[in-house]
Amino acid sequence: MSTTDPAAERRARIARQFIEAIPHARALSMQIEEIGEGLAMLSMPYDERLIGDPATGVIAGGAVSALMDTCGGAAVMSHPDAQGTATIDLRIDYMRVATPGQRIRARAECYHVTRAVAFVRATALDDDADNPVAAATGAFTFQRGA
Amino acid sequence: MRKPEPVQVIKTRRDAALGQLVGGIPYIQYLGVQFDRRGDELTAILPYREELIGNPMLPALHGGVTAAFLEISAVIELTWSTLWTEIEDGTAPDHPPMPKTIDFTVDYLRSGLPRDAYARARVNRSGRRYASVHVEAWQDNREKLFAQATGHFLMPPPAQDG
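Residues numbered from 1 in each chain as written. Chains lettered and ligands numbered in written order. Predicted model: local features only at pLDDT ≥ 70, side-chain atom pairs only at ≥ 80, totals over all residues. Heavy atoms only, no water.

K.L.:
Sorry if this is basic, but what is going on with the pattern of salt bridges here?
P.N.:
Side-chain pairs of opposite charge can arise whenever the charged atoms involved come near each other. According to the stated counting rule, one finds 14 salt bridges over all chains in the structure shown. Among the charged side chains, a network of salt bridges with common partners joins Glu-5, Arg-13, Arg-14 and Glu-88 of chain B. (Salt bridge = Lys/Arg side-chain N within 4 Å of Asp/Glu carboxyl O.)

Structural data, given as structure tokens:
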């Protein structure tokens, strides 16, 4: 991310405010890794409170959903024309379990917008970045700025 | 003919089985999801907390919280219905193996209000390997769903004898 580009700085600031204002994103200690135009990378630390299978210590699918949904929303908000967004639908494919103890990173891309809808693709990874943990596609409402 | 078991014995056994299933999963405790049981029918309850908010301006429940609540409801219903016969026999394991989510599609019908939410799941297909579960969530009015979802699950291999 360039620090001399005022548009990029503005985008990054808006995205940061977007994440910091979300109580549930704060509760899960989500962090912004990168913001671009229609692009967002967020991460979430491993946390024992999020375990879904006590026998293995694997994090719950729902916690991965929360990260993917937030990341998708952040990608939409980072679009230059966006003012507000909400999820219309989200499909998540769980390709493998996330390795216990590892931070989960999600990358979402808002690949197309219409007058009212933003289409998003997202991927979730742990340390083994060549084998994604989950993939998601979603439609979000797209409220344009004045 | 054998005399029917006293109702309290049956209730205690079923509630203990449900408690074992739900109480052992940290994420369910973290979100605060509870289950109301009537016979074999379960209703999941998500008591409202400020931490569950995703849009502070409206305010509205976080889409991820809604997805997680629906997924938990689906997984518990699936495990519960699979175990039902063993629960009734008194042979259910304390820590049953959990199904794994293959995919989960959430349909957000309206924004989740800052108040308690309820969900009920229905197992539409349950085979030895795969299951398909539909789940509906509402807040004040059962007819006005705020979200619904369908998920596919990989069933755990049957427990080995011995």
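From this point, the narrative continues.
K.L.:
What's the story with the UniProt feature "domain: Thioesterase" (unreviewed entry) in chain A in this structure? I'm lost.
P.N.:
UniProt marks residues 57-128 of chain A with the feature "domain: Thioesterase" (unreviewed entry), using the numbering shown here. Split by type, residues 57-128 of chain A is 24% helix and 44% strand. Its first and last C-alpha atoms lie 17 Å apart. (UniProt positions renumbered as here; feature names shortened; annotations may be inferred. Helix = DSSP H or I, 4+ residues; strand = E, 2+ residues; numbered from the N terminus.)

K.L.:
What exactly am I supposed to notice about the packing of helix H1 (residues 7-23) of chain B against helix H3 (residues 63-89) of chain B here?
P.N.:
For any two helices packed against each other, the geometry comes down to the angle between their axes and how far apart the axes lie. Residue and element names in this part refer to chain B. Closest axis-to-axis distance for the H1/H3 pair is 11 Å, and the angle between their directions is 140 degrees. Our classification of the angle between H1 and H3 gives oblique. Seen along the crossing, H1 lies across H3 with a hand that is right-handed. Taken together, the residues of H3 that come into contact with H1 (itself represented by Arg-13, Arg-14, Ala-17, Leu-18, Leu-21 and Val-22) are Ile-76, Thr-79, Trp-80, Trp-84, Ile-87 and Glu-88. Looking at the contact of H1 with H3 residue by residue, the classes come out as eight nonpolar, one polar and three charged. (Axes fitted to C-alpha atoms, helices over the stretch in contact; angles between N-to-C directions. Parallel < 35°, antiparallel > 145°, perpendicular 65-115°, else oblique. Left-handed = near helix turned anticlockwise from the far one by under 90°. Contact = heavy atoms within 4.5 Å. Nonpolar A, V, L, I, M, F, W, Y, C, P; charged D, E, K, R; others polar.)

K.L.:
Can you help me understand the layout of surface pockets in this one?
P.N.:
Over the atoms rolls a probe the size of a water molecule, and its path tells where empty space is left. Of the voids in this model, the largest pocket is the one considered here, and its volume is about 930 Å³. Lining the largest pocket are 42 residues, with Gly-52 and Asp-53 of chain A together with Met-98, Pro-99 and Lys-100 of chain B sitting closest to its centre. For the lining of the largest pocket, the elements supplying multiple residues, two or more each, are strand S3 (51-53), strand S4 (58-59) and helix H3 (61-77) of chain A together with H1, helix H2 (26-31), H3 and strand S5 (100-108) of chain B. The greatest single-element share of the lining of the largest pocket, amounting to five residues, is contributed by H3 of chain B. Residue composition of the lining of the largest pocket, grouped by class: 28 nonpolar, eight polar and six charged. Roughly 740 Å³ of internal volume is contained in the second largest pocket. Among the elements that make up the lining of the second largest pocket, the one with the highest residue count is H3 of chain A (four residues). Considering only residue class, the lining of the second largest pocket consists of 15 nonpolar, 16 polar and two charged. (1 Å grid on protein atoms, 1.4 Å probe; cavity = no way out; pocket = protein on both sides within 12 Å on 5 of 7 lines; lining within 4 Å. Points joined across faces, edges and corners; volume = space filled by probe spheres on them.)

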